[in-house]
Amino acid sequence: MSAKKRILFIANEMSPYLELTEFSEVVNKLAIKANEGGFEVRCIMPRFGAINERRHRLHEVVRLSGINISIDNEDFPLQIKVASLPNARLQVYFLDNEDLFKRKSIFTDESETWFDDNGLRTVFFCKGALETVKKFGWPPDIIHCSGWMTGLIPMYLKTVYKKEPVFSHSKVIYTLGQTTFKEKLESDFIKKAQISTALKDKDFEPFKESNNLALMRIGATYADAITFGTDTPDKKLVDEFSKVKGKKTLPYNAESDLTDYLQLYGDLASK
């Protein structure tokens, strides 16, 4: 009997832990449906301070914690926690750092002011997620990224991490969601995002705006397949990514029972 194909979901948000947009519930349903459909599934998301550890029964995975994530010559300790998704036999891993994620609000403070380190938090999460998978020693066949905060992951997989054995057969899907913020990330975001000499300034030129649109564009540009997770995507993204030569695309369908996603996973995993 052939081994189960493995799917890793990496998301900003996932129901019931954090629900910022409607796609948080879709991620939940996709993980459960894929798990029940014969795939081996794991999920990774940030451990924002707004997530109640006691209610959701998070506990630290000591054997995985202790990694330092180096960004722009500064080290940030990575703490990894885990919970079992309610009503499903699959695990969700939460990436945490005392300085970056302990705060009780998500992307803005109590007065709705944009955090001036959201770019740093994004780089930490994206690099941390891939380092966590290396620590797992769990090679995913499919990596499904959703949410602007995962936008760097497809680029990192195709450049910095492309020779890592754990990712040698991984295909990456990026879901284009709704625009959720109008601010720009900090002015040195691109410098921080260059986590390796394999990445140059010119690689980031198409994404230099460092805004919500740019983060989703970078994810879709480097992904092997693109899906639309909202009926109100940015028109520029629709024009740019609805039909891309050599990439499978999945349009938004509010009536979908998600079997179209399972078909996409199966198609990509068999290549």
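The model shown is predicted, which means the values in this text are computed figures rather than measured ones.

This paragraph deals with the pattern of salt bridges. Between side chains of opposite charge, a pair can form as their charged atoms come close. Per the counting criterion, the structure on display carries 18 salt bridges. The partner of Asp117 in a salt bridge is Arg103, and the shortest N-O contact between them spans 2.9 Å. Of the two residues, Asp117 sits in the loop between helix H3 (98-101) and helix H4 (118-136) while Arg103 sits in the loop between H3 and H4, which places them 14 residues apart along the sequence. Assessed through its relative accessible area of 14%, Asp117 is described here as buried. Notably, a salt bridge pairs Glu240 with Arg217, separated by 3.0 Å at the nearest N-O pair.

The residue Ser105 is located in the loop between H3 and H4 in this model. Within the structure, the side chain of Ser105 is placed 2.7 Å from the backbone oxygen of Thr108, a separation counted as a polar contact. Residues in contact with Ser105, not counting those within four places in the same chain, are Phe115 and Arg121.

Turning our eyes to something else, we now look at the pairing of strand S5 (residues 74-84). Looking along a regular strand, one sees side chains alternate from face to face of the sheet. One ladder, built from 2 bridges, connects strand S3 (residues 59-60) with S5; its direction is antiparallel. Paired with His59 across the bridge in S5 is Val82. For strand S4 (residues 67-71) and S5, the ladder comprises 5 bridges, and the chain directions are antiparallel. Bridge pairing in S5 links Ile67 to Leu78. Connecting S4 to the next strand, S5, in antiparallel fashion are 2 residues, including Asp72 with a positive phi near 50 degrees. Here S5 pairs with strand S6 (residues 91-96) via 6 bridges, running antiparallel. Residue pairing across strands places Ile80 opposite Leu95, the latter belonging to S6. Between S5 and S6, which pair antiparallel one after the other, the connecting turn spans 6 residues, and Asn87 there sits at a positive phi close to 65 degrees.

We now examine helix H9 (residues 259-269). Helical geometry: 3.6 residues make up each α-helical turn, so side chains three or four residues apart lie on a common side. Within H9 the residues assigned to the buried category are Tyr261, Leu262, Leu264, Tyr265, Leu268 and Ala269. Mapping the buried residues of H9 onto a view down its axis gives an arc of 160 degrees, with all of them on the same face. Those residues of H9 hidden inside the fold are in contact with strand S1 (6-11), helix H1 (23-36), strand S7 (142-146), strand S8 (171-176), strand S9 (225-228) and strand S10 (248-250).

With that settled, consider the layout of surface pockets. Of the pockets and cavities examined, the largest pocket occupies roughly 790 Å³. Taken together, 41 residues make up the lining of the largest pocket; nearest its centre are Thr21, Glu22, Phe23, Val26 and Gly229. Looking at the lining of the largest pocket, the elements that each hand over two or more residues are H1, helix H7 (212-222) and H9. Per-element accounting of the lining of the largest pocket gives the leading share, 6 residues, to H1. Residues that form the lining of the largest pocket fall into these classes: 17 nonpolar, 15 polar and 9 charged.

We now examine the state of the cysteines. As enumerated under the stated definition, the model contains 0 disulfides in all. The thiol sulfur of Cys43 is not disulfide-bonded, and the nearest other cysteine sulfur, from Cys145, lies at 12 Å. Here Cys145 stays free of any disulfide, with the sulfur of Cys126 as its closest cysteine sulfur at 7.6 Å.

Judged by nonpolar contacts, the single largest core of 100 residues is most densely connected at Ile44, Val92, Trp148, Leu152, Tyr156, Leu176 and Tyr265. With 9 residues, H4 is the largest single contributor of residues to this core. Those residues in contact with Leu176, other than ones at most four positions away along the chain, are Met216, Ala220, Ile226, Thr227, Phe228, Gly229, Thr230, Leu237 and Phe241.

Rules used in this analysis
- Residues numbered from 1 in each chain as written.
- Predicted model: local features only at pLDDT ≥ 70, side-chain atom pairs only at ≥ 80, totals over all residues.
- Heavy atoms only, no water.
- Salt bridge = Lys/Arg side-chain N within 4 Å of Asp/Glu carboxyl O.
- Helix = DSSP H or I, 4+ residues; strand = E, 2+ residues; numbered from the N terminus.
- Buried < 20%, exposed > 50% of the residue type's maximum accessible area, 1.4 Å probe, protein only.
- Polar contact = N/O pair within 3.5 Å; in protein donor to acceptor, adjacent residues only side chain to side chain.
- Contact = heavy atoms within 4.5 Å.
- Pairing = 2+ DSSP bridges.
- Arc of directions from axis to C-beta.
- 1 Å grid on protein atoms, 1.4 Å probe; cavity = no way out; pocket = protein on both sides within 12 Å on 5 of 7 lines; lining within 4 Å.
- Points joined across faces, edges and corners; volume = space filled by probe spheres on them.
- Nonpolar A, V, L, I, M, F, W, Y, C, P; charged D, E, K, R; others polar.
- Disulfide = S-S within 2.5 Å.
- Core = buried A, V, L, I, M, F, W, Y, C linked by side-chain atoms within 4.5 Å.

Bear in mind that shape data such as this cannot, by itself, settle questions of function.
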